[in-house]
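Secondary and tertiary structure notes
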Amino acid sequence: MSERNKPRFATLWLDGCSGCHMSFLDMDEWLLDLAGQVEVVYSPLVDTKAFPENVDITLIEGGVASHEDIEKLLKIRARTKTLIAFGDCAVTANVPAMRNPFGLEAVMKQVYLDSDAIQPQVPNLIVPQLLDRVVPVHRIVKVDVYIPGCPPSARTIKAVVGELLAGRQPDVMALTRFGA
Amino acid sequence: MSPVPITTEPVKTFKINGQDVSARETESILQAARAHNIDIPTLCHLEGLSSTGACRLCMVEIKGSNKLFPACVTRVQEGIEVMTHSERLVKYRRMLMELIFSERNHVCAVCVVNGHCELQSTAQKLGMDHVRYPYLNPQLEVDASHERYAVDHNRCILCTRCVRVCDEIETAHTWDVMGRGIGSKVITDFNQPWGESETCTRCGKCVNVCPTGALFEKGKSVAEMAKQRQFLPYLVSRREAMIE
């Protein structure tokens, strides 16, 4: 099959720890199979800078924590056929959302001003501005498949992606759970 | 030695999901269902404690009524036809689970009972792969004033198992519930720090019946706390034997 006819596959992470991507790499030799089945058009694991058009499957790790995250998500949703919330942070906002009960201002103060920094200041240049609350991906855009897990196991990722590539709807909750 | 009198408690015959079943008239629909290996999900119910109908997961339909009935506190009746898994019930149970998860801060990944939690496993069993409601993310306290145990209100689902086991089995009644609706919380004594409670016997029964990580032993880290419940049926049976 030529590159042209293969499903176009993308991954990225928002507010997460990259653990779900590490679990993705844990698929070991199946990654070779996958590389044969899809064209990886965008990912932290490859060098493409801009998110391309006409993507078939996109895995999104991480919660939505900044205005930049929202912009990325809207663009990705518009360009992706099957959008997958990949891991607990994408599905529930999980650990990144543990700052939510305290409010952004209190958290920034605690981290950047009340700590023992040499030059205490809240970063507000160049870096993306944070949202007051971290939210799951589906609060911003429509999600087609949810894969809970912190991180989802390599076996779970393989089963879900494998089923989707075969044109079937995976029974995700038979494979994983929150906090798995 | 006088012969033991044979008690003849009346038996009711009825249907669950089209299957003919029978139960003693004092039994609940939940007890009858479980005796016939028919699964009805529950969170607040625990065999050995009184039933309270707090979590509403065990709601069932009875033919001829539009109302839903909590199976744990509804007695069996002659001739009724009970449905446990109608489309409506499956939908409502999933909604209930999502509301529970959205109401407080349940972060399975960093929870002391990750992998041993009834809330977590029930969510999985009911196919809850995400929560459609906005998370409320309330700011709730952790009371770690007790020398052996701690209560994290972020993980409490207000099932009141702790209240019931402390009252009914330990008979200390240290735990109770204060407030109303979404503002409710479990408290020790008169909403005093647990460590300063004069009624708490430090028995740990509340910790072990708690279905989530809300009550836990100090010194246990993520996923390290599995609840031990063997004491409950043992104590209940000993007590029943003494009463007889």
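Residues numbered from 1 in each chain as written. Chains lettered and ligands numbered in written order. Predicted model: local features only at pLDDT ≥ 70, side-chain atom pairs only at ≥ 80, totals over all residues.

Here we look at the overall build of chain A
When helices and strands are tallied, chain A shows six helices and seven strands. For chain A, the sequential pattern of α-helices and β-strands runs β-α-α-β-β-β-α-β-α-α-β-β-α. Taken over the C-alpha trace, chain A has a radius of gyration of 17 Å; the compact-globule value for 180 residues is 16 Å, and the two agree within 12%. Counting all 180 residues of chain A, 39% fall into the buried class. (Helix = DSSP H or I, 4+ residues; strand = E, 2+ residues; numbered from the N terminus. Rg over C-alpha atoms; globule rule 2.2 N^0.38 Å. Buried ≥ 20, exposed ≤ 12 C-beta atoms within 10 Å, placed from the backbone.)

Let's talk about the nonpolar core
Judged by nonpolar contacts, the single largest core of 61 residues is most densely connected at B:Ile29, B:Cys58, B:Ala71, B:Cys162, B:Cys206, B:Leu215 and B:Phe216. When residues of this core are sorted by domain, at least three fall in each of domain 1 (11-84) and domain 2 (90-243) of chain B. Setting aside residues no more than four positions away along its own chain, B:Ala71 makes contact with B:Ser28, B:Ile29, B:Leu30, B:Ala33, B:Ile40, B:Cys58 and B:Val60. By size, the runner-up hydrophobic cluster in this structure holds 37 residues, among which are A:Ala90, A:Ile157, A:Val160 and A:Leu175. (Core = buried A, V, L, I, M, F, W, Y, C linked by C-beta atoms within 7 Å. Domains from an automatic or database assignment. Contact = placed C-beta atoms within 7 Å.)

Regarding the sheet that holds strand 2 (residues 19-24) of chain B
Residues and elements named next belong to chain B. Taken in spatial order, the five strands line up as 2-1-5-3-4 in an open sheet, and their pairing is mixed. Looking along the sheet, the strands with just one partner apiece sit at the ends: strand 2 and strand 4 (68-70). Going across the sheet, the axis of each strand differs from the next one's by a mean of 40 degrees, ignoring polarity. Direction of pairing for strand 1 (residues 11-16) relative to strand 2: antiparallel, over a ladder of six bridges. Following the sheet pairing, Thr-13 is matched in strand 2 by Ser-22. (Pairing = 2+ DSSP bridges. Axes fitted to C-alpha atoms, helices over the stretch in contact; angles between N-to-C directions.)

Side note on the domain arrangement of chain B
Residue and element names in this part refer to chain B. Domain boundaries assigned for chain B yield domain 1 (11-84) and domain 2 (90-243). The interface is formed by 14 residues belonging to domain 1 together with 21 residues belonging to domain 2. Here the residues of the side of domain 1 that touches domain 2 sort into nine nonpolar, three polar and two charged. (Nonpolar A, V, L, I, M, F, W, Y, C, P; charged D, E, K, R; others polar.)

With respect to the confidence of the model for chain B
Looking at chain B as a whole, its pLDDT mean stands at 96, while 97% of the residues score no less than 70. Reported for the predicted complex are a pTM of 0.94 and an ipTM of 0.94. (pLDDT = per-residue confidence, 0-100.)

Looking at the interface of chain B and chain A
With 19 residues of chain B in contact, the opposing surface of chain A contributes 24 residues. Looking at the side of chain B that touches chain A residue by residue, the classes come out as 10 nonpolar, eight polar and one charged.

Points about the sheet that holds strand 10 (residues 215-217) of chain B
Residue and element names in this part refer to chain B. Pairing in this open sheet of three strands is antiparallel, and the strands run 6-7-10 from one edge to the other. Strand pairing shows two members of the sheet lacking a second neighbour, strand 6 (142-143) and strand 10, which therefore form its edges. Note: strand 7 (residues 149-152) against strand 10, three bridges, orientation antiparallel. Looking at strand 10, one finds that Tyr-149 is bridged to Glu-217.

Observations regarding unusual backbone geometry
Residue and element names in this part refer to chain A. Residues Cys-150 and Pro-151 are joined by a peptide bond in cis, for which omega reads -5 degrees. Residue placement: Pro-151 occurs in the loop between strand 7 (145-147) and helix 6 (154-165). Of note in the backbone geometry, Ile-126 takes a positive phi value of approximately 65 degrees without being a glycine. Position of Ile-126 among the secondary structure elements: in the loop between helix 5 (104-113) and strand 6 (130-135). Taking the number of C-beta atoms within 10 Å as the measure of exposure, Ile-126 has 5 and is therefore exposed.

Description of the pairing of strand 5 (residues 80-86) of chain A
All names here are of chain A. For strand 5, a buried count of five out of seven residues is recorded, marking the element as mostly surrounded by other parts of the structure. Where strand 3 (residues 55-61) and strand 5 come together, five bridges link them in parallel fashion. Paired with Ile-57 across the strands is Thr-82, a residue of strand 5. Pairing geometry for strand 5 and strand 7, over three bridges, is parallel. Opposite Ala-85, over in strand 7, you have Tyr-146 as the bridge partner.

Focus: the environment of A:Asp132
Residue and element names in this part refer to chain A. Of note, Asp-132 is situated in strand 6. Judged by C-beta crowding, with 11 C-beta atoms within 10 Å, Asp-132 ranks as exposed. C-alpha separation for the pair Asp-132 and Ile-157, spaced 25 residues apart in sequence, amounts to 31 Å. Filtering out sequence-adjacent residues up to four positions away, Asp-132 remains in contact with Gly-103 and Leu-104.

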